[in-house]
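Residue strings, one per chain:
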Amino acid sequence: ALSSLHTLKNVGHWVVSQLRENLGSSGASARPRPNGGAPAAKRQRVAEATPESFSWWYVDAAGKRVEFRNDAQMKDDPAGESFRVTIMHSSGRVE
């Protein structure tokens with residue numbers, strides 16, 4: 001389940017919320033929601049991330065920061081290439 005992803009190392013609640021948002025907009029079917037089908041954002045107020053509230057950078061397979069995207073760890077799948085990044089929130093939390 002998406003809600004359990006935040007328990008993985010370097011995956012926070014913000015990443016999970018972004019996945020939920022993108023899956024919902026792609027028309028993917030989801031299991032029924034509690035509270036009459038209201039999306040989680042309607043049930044619980046969550047601060048929206050803004051470009052000023054976090055910074056990010058590419059990382060390699062060892063988790064070390066790299067300068068160029070081509071040096072970052074990459075996963076190739078049917079949806080396209082995915083590059084590994086680290087996200088640091090203004091609060092200091094790292095994903």
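Residues numbered from 1 in each chain as written. Predicted model: local features only at pLDDT ≥ 70, side-chain atom pairs only at ≥ 80, totals over all residues. Heavy atoms only, no water.

**A word on the overall build of the chain**
We apply this condition: Numbering of helices and strands runs from the N terminus, with a helix taken as a DSSP run of H or I at least four residues long and a strand as a DSSP run of E at least two residues long. Should any heavy atoms of two residues lie within 4.5 Å, those residues are considered in contact. Using the Shrake-Rupley algorithm and a 1.4 Å probe, accessible areas are obtained, with residue cover drawn only from the displayed protein chains.
Assigned secondary structure in the chain consists of two helices and four strands. Taken from N to C terminus, the helices and strands of the chain fall in the order α-α-β-β-β-β. Pairs at least 24 apart in sequence give 42% of the contacts found in the chain among residues at least 6 apart. Total accessible area on the chain stands at roughly 7,600 Å², and carbon and sulfur atoms take up 52% of it.

**A short note on the side chain of His89**
We apply this condition: Per-residue accessibility, obtained with a 1.4 Å probe over protein chains only, is compared with the maximum for each type, and a residue is labelled buried under 20%, exposed over 50%, and partly exposed between these values. We call two N or O atoms a polar contact when they sit within 3.5 Å, provided that within protein one can donate a hydrogen and the other can accept it, with sequence-adjacent residues counted only if both atoms are side-chain atoms.
Examined against the element boundaries, His89 turns out to sit in strand E4 (residues 85–89). Look at His89 and you get buried, because its relative accessible area is 13%. A distance of 2.5 Å separates a polar atom in the side chain of His89 from a polar atom in the side chain of Glu95. Setting aside chain neighbours within four positions, we find His89 in contact with Trp14, Ser53, Phe54 and Glu95.

**Observations concerning the packing of aromatic side chains**
This is how the line gets drawn: Here a Phe, Tyr or Trp ring, Trp counted by its six-membered ring, pairs with any other such ring whose centre lies within 6.5 Å, and the pair is stacked when the planes are under 30 degrees apart, edge-to-face when over 60, and tilted otherwise.
Taken as a whole and judged by the stated rule, the model has two aromatic pairs. For the pair Tyr58 and Phe83, a centre-to-centre distance of 6.2 Å together with 80° between the ring planes defines the contact as edge-to-face. Linking Tyr58 in strand E1 (residues 54–58) with Phe83 in strand E3 (residues 80–83), this pair joins segments that are 25 residues apart in sequence. What makes Phe83 partly exposed here is its relative accessible area of 22%.

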